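Residue-level listing of the chains:
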Amino acid sequence: VTSNEPLLPKDLFVGLEQVTHLCTGGEAPWLRGFEEVYKEFARLKSDGLAGRERVYEIGDECRDLMGQLWGVPGHRIAFMPSATEGMNWLARGLGWKPGDNVVTDNLEFPSVAYAWRDLAEAGVEIRMVEHDDFHIDEDALLSEVDARTRVLAVSQVSFYTGQNLDIRRLALGLRTSAPSTLLAVDATHAAGVVDVWAAVTDLCVSSSYKWLLATHGTAPCFLSERAESMTRGSSYGWHNLAVWPAQGAERAPTVDEKLMPMRLEPGNPAMVVVLFLHHALSQLLEVGIGPIQEHAWNLSERIDAGLRDLGHTVISPSARVARSGNTCFLVPDAAALQEDLARERVLVWGEYGRVRISGHLYNDDSDVDRILEILAKIR
Ligand SMILES: Cc1ncc(COP(=O)(O)O)c(C=O)c1O
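Source: prediction; values computed, not measured.

1. Remarks on the pairing of strand β8 (residues 219–223)
β8 sits mainly inside the fold: five of its five residues count as buried. A two-sided burial pattern is seen for β8, the buried positions comprising A219, C221 and L223 on one face and P220 and F222 on the other. Strand direction decides the pairing type here: strand β2 (residues 77–80) and β8, joined by four bridges, are antiparallel. Looking at the pairing, I77 lines up with F222 of β8. Pairing geometry for strand β7 (residues 203–205) and β8, over three bridges, is antiparallel. From the neighbouring strand, C204 faces β8, where its bridge partner is F222.

As structure tokens, this is what we get:
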């Protein structure tokens, strides 16, 4: 019998000694080390231009760390305000024609499913592949793609079921059958806990406040070279246009757009959050995504087996590689069960007919034992 010890001590986080924290899929706990990061930011913020330059330098280091995590060059990572904005930028940026289509699925997170909603007016069809008993089949997605599919848009890991889609299989399928279709991936429930192969995608974006351990306000976004060349910008400003210093303060009628990473940043990103993300990524990369992924899969298997023993209907996949940090089961009154568990100081996310139990690198077998014990008692 293997035992799953935390890969990062719980006392590196605020409040973990008081709760069984199994809700990283909703909000991650706060790293104590952020206090020092905040102090450093405060010092730099008050230090005029020199301080600001250092803040931007740390920002560039953060792009590199993100690139390291995702296997892409750091200079192709932009900081968008939210993961939602990544998909919407693509929806606004492609020159759509009547008869074009987008392929996604009917279990998708709203920001992925509905970023394209206004395109219907332009004659663009939104194809939602139906889930099969809460499973999304990669081949079913690919079979909906045709020569007019501009974008295949999916979450790598489902917010609803925890299914970890095989993104490389989707990329390979597109390369052979529809090479001009862009692959757009929301990696919010994948980044920081399982491997993310951003290099095979055209756009890969993630929130920072879940598995990446930072907070709201910054979403790293990878954009491929070909997607960059195929898209038009839709917001412009001092940060993504080549306005300085050639013409001084006087404006010329035309101005060039900057390339990635500035291209997706018309104004300043939320730099204090970028600094938090930088610190969080250092912690994650020190442990390594390989061990984190194995740990999350181990916990998921234990949670799954325990839930089934209690008679629950688990909707997460049972194949190890299709698992993630999220293990989910059906409960009609999911919000009520979440509250019952919270009263026992066990934190999960319960909504829309299912409860999601999340295991990340600070969780261990005792957390799994505890939730199963409470579930056995109250349900
Ligand atoms: C797949 C997915 N994308 C995006 C988000 C939200 O991210 P943001 O607020 O950064 O747009 C969530 C939040 O639950 C999510 O599950």
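2. Concerning the sheet that holds strand β9 (residues 326–330)
With antiparallel pairing, the three strands of this open sheet are ordered in space as β9-β12-β11. Each having just a single partner strand, β9 and β11 (349–351) make up the two edges of the open sheet. The average angle at which neighbouring strand axes cross in this sheet is 20°, direction not considered. Pairing of β9 with strand β12 (residues 354–358) involves five bridges; the strand directions are antiparallel. Counted as the bridge partner of T327 is I357 from β12.

3. Focus on the site of the ligand
Lining the immediate surroundings of the ligand are S82, A83, T84, F109, S155, F159, D186, T188, H189, S207, Y209 and K210. Y209 is positioned with one of its side-chain polar atoms (N or O) 3.4 Å from an oxygen atom of the ligand. Interatomic distance of 3.0 Å between a side-chain N/O atom of K210 and an oxygen atom of the ligand. In isolation the ligand has 390 Å² of accessible area, and contact with the protein removes 86% of it. Judged by its atoms lying within 2 Å of the grid points, the ligand is housed in the largest pocket. Among the residues forming the shell around the ligand, the class breakdown is four nonpolar, six polar and two charged.

4. Comments concerning the packing of helix α1 (residues 34–45) against helix α2 (residues 48–70)
Each pair of packed helices can be summarised by the angle the axes make with each other and by the distance between the axes. Packing of α1 against α2 leaves a shortest axis separation of 7 Å and a crossing angle of 140°. Between α1 and α2, the crossing angle belongs to the class labelled oblique. Taken together, the residues of α2 that come into contact with α1 (itself represented by F41, L44 and K45) are G48, G51, R52, R54, V55 and I58. The residue makeup of the contact of α1 with α2, split by class, is four nonpolar, two polar and three charged.

5. Section: the environment of D333
Position of D333 relative to the elements: it lies in the loop between β9 and α10 (334–343). Using a relative accessible area of 34% as the deciding quantity, one classes D333 as partly exposed.

6. Overview of the sheet that holds strand β6 (residues 182–186)
Taken in spatial order, the seven strands make up an open sheet running β2-β8-β7-β6-β5-β3-β4, and their pairing is mixed. The open sheet has two edge strands with one neighbour each: β2 and β4 (125–129). Each strand axis lies, on average, 20° off the axis of its neighbour in the sheet, ignoring direction. Against the sheet, helix α6 (residues 167–177) touches β5 (149–155) and β6, its axis set at about 165° to β6.

7. Side note on the pattern of salt bridges
Opposite charge on two side chains lets them pair, provided their charged atoms get close. Counted according to the given criterion, the structure contains 28 salt bridges. One salt bridge in this structure joins K39 and E36, with 3.5 Å as the shortest N-O distance. Linking K39 with E36, this pair stays in helix α1, spanning three residues, or about one helical turn. Since its relative accessible area comes to 45%, K39 is described here as partly exposed. Through salt bridges with shared partners, a single network forms among K10, D364 and D367.

8. What to know about helix α9 (residues 289–309)
Owing to its 3.6 residues per turn, the α-helix aligns residues three or four sequence positions apart on the same side. Compared with the 30 Å implied by 1.5 Å per residue over 21 residues, the 30 Å span of α9 between its first and last C-alpha is a close match. Listed in full, the buried residues belonging to α9 are I289, I292, Q293, H295, A296, W297, L299, S300, I303, D304, G306 and L307. Against the buried residues of α9 lie α2, α8 (271–287), β9, β12 and α11 (365–378). Downstream of α9 by a residue or two, G311 has a phi angle that is positive, lying close to 90°.

Calculation rules
- Residues numbered from 1 in each chain as written.
- Predicted model: local features only at pLDDT ≥ 70, side-chain atom pairs only at ≥ 80, totals over all residues.
- Heavy atoms only, no water.
- Buried < 20%, exposed > 50% of the residue type's maximum accessible area, 1.4 Å probe, protein only.
- Helix = DSSP H or I, 4+ residues; strand = E, 2+ residues; numbered from the N terminus.
- Pairing = 2+ DSSP bridges.
- Axes fitted to C-alpha atoms, helices over the stretch in contact; angles between N-to-C directions.
- Near = heavy atom within 4 Å.
- Polar contact = N/O pair within 3.5 Å; in protein donor to acceptor, adjacent residues only side chain to side chain.
- Areas by Shrake-Rupley, 256 points an atom, 1.4 Å probe, with all protein chains shown as cover.
- 1 Å grid on protein atoms, 1.4 Å probe; cavity = no way out; pocket = protein on both sides within 12 Å on 5 of 7 lines; lining within 4 Å.
- Sits in = over half its atoms within 2 Å of the grid points.
- Nonpolar A, V, L, I, M, F, W, Y, C, P; charged D, E, K, R; others polar.
- Parallel < 35°, antiparallel > 145°, perpendicular 65-115°, else oblique.
- Contact = heavy atoms within 4.5 Å.
- Salt bridge = Lys/Arg side-chain N within 4 Å of Asp/Glu carboxyl O.
- Expected span 1.5 Å × (residues − 1).

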